[in-house]
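Geometric and topological summary
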Amino acid sequence: MKTEIKLLGAAIFAATVAGGCAGFNNGPAGPKVISLWTTTSTPDGAQFTQADRLARPAVNEVFATVAGNHHEINDLAIPTDDHLNLTADIEGFLTSPCGRSPETRAVIKAVLVPDVLKFDVNSKDAAAYLGVETGGATGGKFGGRKLEDDVIDISLGIIFGNTISALGLAPDDGAEIPTLLSDHVDASGKHFSATFPYIGRPN
Amino acid sequence: MKAKKTILFAAALALIGTPVVIMHTSRASDHADTPAIAANPGTDITDVYAFPSPENANNIVLIMNVHPLIGPGAGGSVSFDPNVLYQFKLDTNGDYVEDKVIQVKFSGTGSGQTFKVSGPIKPSMTGARSVFETPVAGTGTLNTTFTSGGMKVFCGPREDSFFFDLEQFFTIFPDRATPINGVAVSDPNVPKSTTWRAAGSAVDFLSNGGYNVLSIVVEIPRAKLAN
């Protein structure tokens, strides 16, 4: 019973932090979470039909197998569909190979579904990938994603590491795989700029 | 990184260079999981960013990168797909349905390519189907910063901003390379290696190859998104 309550609490906390406060605004300076995703669409008569969709990095790419066409299903889906296919993809991957506990799986699903990039448009704090979802634990409460963010290592910490238990969102399930926590690649090869448009000139 | 990026996979697998990979690379085009996107890299979104402007604390920067693996020196010869509608979709009330969109639509090809920007505007359709919304906020040209209503837009080739040891990722999960090498993996989520490469051996595939993407960069006042 205690475990269930804790699980429920963690899931609710994560879901609230992740999205429930999106429409909640304490005033002009209060938090205002906006969810962003991008699409490309191709002509279909006078309209356009979605061909690709992307928000958070390394979600569909890591969790969804090519086998069974799971990538494409998620590419063509809209965020309100993510509780179907994407949730199943994440649940399956976290169960095996990851061996995560039900509590940890519930929190990760609550954080990553639906697949949108969240940012607090009123926050003057630093941008940091998953910063909204983790209350700033990844480096800043603005959230979103900045060019320098090592999104792969952040993701690896959540998927294979103890990021979730360290945040107190679920008990430590002992499933950490230390050899998978960093790809050991950083942004040192990039030429980001402090001036618009911020991404380096083409090579 | 999009696992379906056929071109990216081909180059990565060629670099990995194992006999098995080389043997299967030529079968790639027969086995792409999304042939339409493989044939139209202009639809392939590689990365999305959102961060406060380093130049103006009242502004937010939104970036979408598309068209992976433009080689070094080739940026000037690749332009956006004029058939494709590029969109940033924004949910402002927490129901995960877009309340505002910023759309970009290109005309022509090559370095003289022009584009129209629409938004931020409440879309007349939501979901997987869209129309190009009017009125158009303004018209710009590739590689030239365009300003309208406080919104600043840049479209053009840039250095690929993503960094990742893609080759080792494919070693760990070869299923993710299936679209290019044609090798179906019956146990797609069983890791074939249990470790990343060490710090001295890991390679950022994209920087190492000097690869570029096409970027759409929008800088917009916070107030235009918050309200």
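Residues numbered from 1 in each chain as written. Chains lettered and ligands numbered in written order. Predicted model: local features only at pLDDT ≥ 70, side-chain atom pairs only at ≥ 80, totals over all residues.

**Examining the overall build of chain B**
Counted only if it meets this: Secondary structure is summarised from DSSP: a helix means a run of H or I of at least four residues, a strand means a run of E of at least two, and numbering begins at the N terminus for each. C-beta atoms are first placed from the backbone for all residues, and any pair lying within 7 Å is then listed as a contact.
From N to C terminus, chain B includes seven helices and 10 strands. The contacts of chain B with a sequence gap of at least 6 include a subset with a gap of at least 24, amounting to 61%.

**Here's the deal with the overall build of chain A**
Scanning chain A from terminus to terminus reveals seven helices and three strands. Secondary structure of chain A in N-to-C order comes out as α-β-β-α-α-α-α-β-α-α. Counting only contacts in chain A whose residues sit at least 6 apart along the sequence, the fraction spanning at least 24 positions is 51%.

**Considering the nonpolar core**
How we decide: The term nonpolar core means buried Ala, Val, Leu, Ile, Met, Phe, Trp, Tyr and Cys residues held together as one set by C-beta atoms within 7 Å. Buried means a residue has 20 or more other C-beta atoms within 10 Å of its own C-beta, exposed means 12 or fewer, and partly exposed covers the counts in between; C-beta atoms are placed from the backbone.
In terms of nonpolar packing, the biggest core is built from 101 residues, with L36 of chain A together with L62, I63 and V217 of chain B touching the most fellow members. Among the elements that line this core, the one with the most residues is strand β2 (residues 59-70) of chain B, at eight residues. Setting aside anything within four residues of it in sequence, one finds I63 of chain B in contact with I199 of chain A together with V48, Y49, S215, I216 and V217 of chain B.

**Topic: the pairing of strand β2 (residues 47-54) of chain A**
Residues and elements named next belong to chain A. Spelled out, the test is: Two strands are said to pair when DSSP picks up at least two bridges between them.
When you tally the buried positions in β2, you get six out of eight residues, the bulk of the element. Note: strand β1 (residues 33-44) against β2, seven bridges, orientation antiparallel. Counted as the bridge partner of T38 is L54 from β2. Here β1 folds back onto β2 in antiparallel fashion, the turn holding two residues, of which G45 has a positive phi close to 70°.

**Re the confidence of the model for chain B**
Quick reminder of the rule: Each residue gets a pLDDT score, which is the predictor's confidence in that residue and runs from 0 to 100.
Summing up the model confidence of chain B, the mean pLDDT is 84 and the portion of residues at 70 or higher is 82%. Segment residues 1-35 of chain B is flagged for pLDDT under 50; beyond a separation of four residues in sequence, or across chains, it makes 75 contacts in the model.

**Things to note about the sheet that holds strand β1 (residues 45-52) of chain B**
All names here are of chain B. What counts here: Helix axes are fitted only over the stretch in contact, all axes being lines through C-alpha atoms; the angle between N-to-C directions runs from 0 to 180 degrees.
Spatially, the five strands line up as an open sheet ordered β1-β2-β10-β9-β8, and their pairing is antiparallel. Looking along the sheet, the strands with just one partner apiece sit at the ends: β1 and β8 (146-148). On average, each strand axis in the sheet is tilted by 15° relative to the strand beside it, whichever way the strands run. As paired elements, β8 and strand β9 (residues 151-159) share three bridges and run antiparallel to each other. Paired with T147 across the strands is K152, a residue of β9.

**Thoughts on the pairing of strand β4 (residues 100-107) of chain B**
All names here are of chain B. Of all eight residues in β4, six are buried, a share of seventy percent or more. Of the pairings in the sheet, the one linking strand β3 (residues 85-91) to β4 comprises six bridges and is antiparallel in character. Bridged to K89 within β4 is V101. From the end of β4 to the start of strand β5 (residues 114-121), which pair antiparallel, there are six residues, and G108 there has a positive phi angle of about 75°.

**Thoughts on the interface of chain A and chain B**
On the chain B side, the residues contacting the 76 residues of chain A number 85 residues. Of all elements in the fold, only α1 (2-20), β1, β2, α3 (70-76), α4 (85-95) and β3 (117-120) of chain A reach the threshold of two or more residues within the side of chain A that touches chain B. Broken down by element, the side of chain A that touches chain B gets its largest block of residues, 10 residues, from β1 of chain A. When β2 of chain A meets strand β6 (residues 129-130) of chain B, the two strands line up antiparallel, connected through two bridges. Across the sheet, residue T49 of chain A finds its bridge partner in β6 of chain B, namely R129 of chain B.

**Examining helix α6 (residues 151-159) of chain A**
All names here are of chain A. Burial runs high along α6: eight of the nine residues are buried. Considered for burial, the residues of α6 that qualify are V151, I152, I154, S155, L156, G157, I158 and I159. Close packing links the buried residues of α6 with α2 (60-63), α5 (102-112) and α7 (163-166).

**Describing the environment of H83 of chain A**
As for its placement among the helices and strands, H83 of chain A is situated in the loop between α3 and α4. Considering only alpha carbons, one finds H83 of chain A and S165 of chain A, 82 residues apart in sequence, at a separation of 23 Å.

**A short note on the packing of α4 of chain A against α5 of chain A**
Residues and elements named next belong to chain A. In plain terms, the rule: The handedness criterion is simple: a crossing whose near helix is rotated anticlockwise from the far helix by less than a right angle is left-handed, and one whose near helix is rotated clockwise is right-handed. Each residue receives one of three labels: charged for Asp, Glu, Lys and Arg, nonpolar for Ala, Val, Leu, Ile, Met, Phe, Trp, Tyr, Cys and Pro, and polar for the others, Gly being one of them.
Between α4 and α5, the least distance of the axes is 10 Å, while the angle of their chain directions is 145°. The way α4 lies across α5 gives a crossing that is right-handed. Two secondary-structure elements touch here, α4 through T87, I90, E91, L94 and T95 and α5 through R105, I108, K109 and L112. Grouping the constituent residues of the contact of α4 with α5 by class yields four nonpolar, two polar and three charged.

**A word on α5 of chain A**
Burial analysis of α5 of chain A places 10 of its 11 residues in the buried class, which makes it a mostly covered element. Residues of α5 of chain A that are buried include every one of E103, T104, R105, A106, V107, I108, K109, A110, V111 and L112 of chain A, and no others.

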